[in-house]
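Spelled out from the first residue to the last, the chains are:
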Amino acid sequence: MAENTLDNLNDIQFDVLKEIGNIGAGNATTALAKMMNMKIDMNVPRVELVPFTNLPDIFGSPEEVLAGILVQLDGDIKGMMMFLVKEESAHNLVDSLMGGMVQSANGDFSEMELSALSEIGNIIIGAYLSAMSNLTNLKIASSVPYISIDMAGALLSVPAIEFGKLGDKVLLIETQFGEFDFVNGYFLMVPELESYDVILSSLGM
């Protein structure tokens, strides 16, 4: 049975999770910069524990349209991870990667753009998990990414239904890639409860 939940972590344990978030987000920024072949600065990420019910408000409202890339985690760490960006940021990412070559009508994402966005999300999440794996010496496998463009309320119902019964909070890492709000990205880390014990134990907590 898990000893630690996000509801009863002490300050030191939370600081450890925050540091993992900082390092993971930094690694993801480096991977994104290489993929885009451009210099990307990263602001210090904001890491906090957020109740599931408050998540849509982080993005403005439950009606805010987001692009969400979700992967299932397996290995030493089980659960799921999501990378979320607002629709405008998602277009910025795709346009930068593809040089504005593919523009779909009505502001929607074409199949090619969705594929590119999925690959961007996969690389960003993979880089984050790689940093986490190196830091903890744990094996973390991830599934093929699942991408969806939908309102925040609908997108976030997936992890809420899946893991809301295990605790009412989620670890949210918010970071800004590049200047002038080029991309505001959000990582949602939703391990199963036992995985928090595994993460903290691996670091001697």
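Please refer to the structure placed before this passage.
Quick look at the structure, then. (Residues numbered from 1 in each chain as written. Predicted model: local features only at pLDDT ≥ 70, side-chain atom pairs only at ≥ 80, totals over all residues. Heavy atoms only, no water.)

1. Thoughts on the packing of aromatic side chains
In total, this model carries three aromatic pairs according to the counting rule given. Judged by centre distance (5.0 Å) and plane angle (50°), the ring pair of Phe 83 and Phe 187 falls under tilted. Of this pair, Phe 83 sits in strand S3 (residues 79–86) while Phe 187 sits in strand S7 (residues 183–191), placing them 104 residues apart in sequence. Judged by relative accessible area, which is 1%, Phe 83 ranks as buried. Judged by centre distance (4.9 Å) and plane angle (35°), the rings of Tyr 128 and Phe 187 are tilted. A residue pair is termed long-range when its members are at least 10 positions apart, and Tyr 128 in helix H4 (residues 111–136) and Phe 187 in strand S7 qualify at 59 residues. By relative accessible area, Tyr 128 is classed as buried at 1%. Each residue in the set Phe 83, Tyr 128 and Phe 187 is aromatic and connected to the rest through ring pairs, giving one cluster. (Phe/Tyr/Trp six-rings, centres within 6.5 Å; stacked < 30°, edge-to-face > 60°. Helix = DSSP H or I, 4+ residues; strand = E, 2+ residues; numbered from the N terminus. Buried < 20%, exposed > 50% of the residue type's maximum accessible area, 1.4 Å probe, protein only.)

2. Section: the side chain of Thr 136
Here Thr 136 lies in helix H4. Excluding its chain neighbours within four sequence positions, the residues that come into contact with Thr 136 are Ile 20, Ile 199, Ser 202 and Leu 203. (Contact = heavy atoms within 4.5 Å.)

3. Here's the deal with the nonpolar core
Core analysis: the biggest nonpolar cluster contains 42 residues, and Leu 73, Met 81, Leu 117, Leu 171, Phe 187 and Met 189 have the highest contact counts within it. Sorting the residues of this core by element identifies helix H1 (11–36), strand S2 (65–75), S3, helix H3 (87–98), H4, strand S6 (169–177), S7 and helix H7 (193–202) as the ones contributing at least two each. Here this core gets nine residues from one element, more than from any other, and that element is H1. The contacts of Leu 117, once residues within four sequence positions are left out, are Ala 67, Ile 69, Ala 90, Leu 93, Val 94, Phe 109, Ile 147 and Ile 149. With 17 residues, the next largest nonpolar core counts Phe 59, Ala 152, Leu 156 and Leu 188 among its residues. (Core = buried A, V, L, I, M, F, W, Y, C linked by side-chain atoms within 4.5 Å.)

4. Details of the pattern of salt bridges
One pass over the full model with this rule turns up one salt bridge. Lys 78 is the salt-bridge partner of Asp 74, the closest N and O atoms lying 2.6 Å from each other. What makes Asp 74 partly exposed here is its relative accessible area of 42%. Relative accessible area serves as the criterion here: at 34%, Lys 78 is assigned to the partly exposed category. (Salt bridge = Lys/Arg side-chain N within 4 Å of Asp/Glu carboxyl O.)

5. A few points about the packing of H1 against H4
Where H1 meets H4, the closest approach of the two axes is 8 Å, and the angle between their N-to-C directions is 140°. Comparing the axis directions of H1 and H4 gives the class oblique. Two packed elements cross with a definite hand, and for H1 against H4 that hand is right-handed. On H4, the residues that touch Ile 20, Gly 21, Ile 23, Gly 24, Ala 25, Asn 27, Ala 28, Ala 31, Leu 32, Met 35 and Met 36 of H1 are Glu 119, Ile 120, Ile 123, Ile 124, Ala 127, Tyr 128, Ser 130, Ala 131, Met 132, Leu 135 and Thr 136. In terms of residue class, the contact of H1 with H4 is built from 16 nonpolar, five polar and one charged. (Axes fitted to C-alpha atoms, helices over the stretch in contact; angles between N-to-C directions. Parallel < 35°, antiparallel > 145°, perpendicular 65-115°, else oblique. Left-handed = near helix turned anticlockwise from the far one by under 90°. Nonpolar A, V, L, I, M, F, W, Y, C, P; charged D, E, K, R; others polar.)

6. As for the environment of Val 170
Looking at the secondary structure, you find Val 170 in strand S6. Distance in space between the C-alpha atoms of Val 170 and Val 50 is 5.4 Å, their sequence separation being 120 residues.

7. Details of the environment of Leu 70
Here Leu 70 lies in strand S2. The spatial distance from the C-alpha of Leu 70 to the C-alpha of Ser 142 is 9.7 Å, given a sequence separation of 72 residues. Not counting chain neighbours up to four residues away, the residues in contact with Leu 70 comprise Met 80, Met 81, Met 82, Val 144, Pro 145, Tyr 146 and Val 158.

Don't take any of this as a statement about function, it's just geometry.
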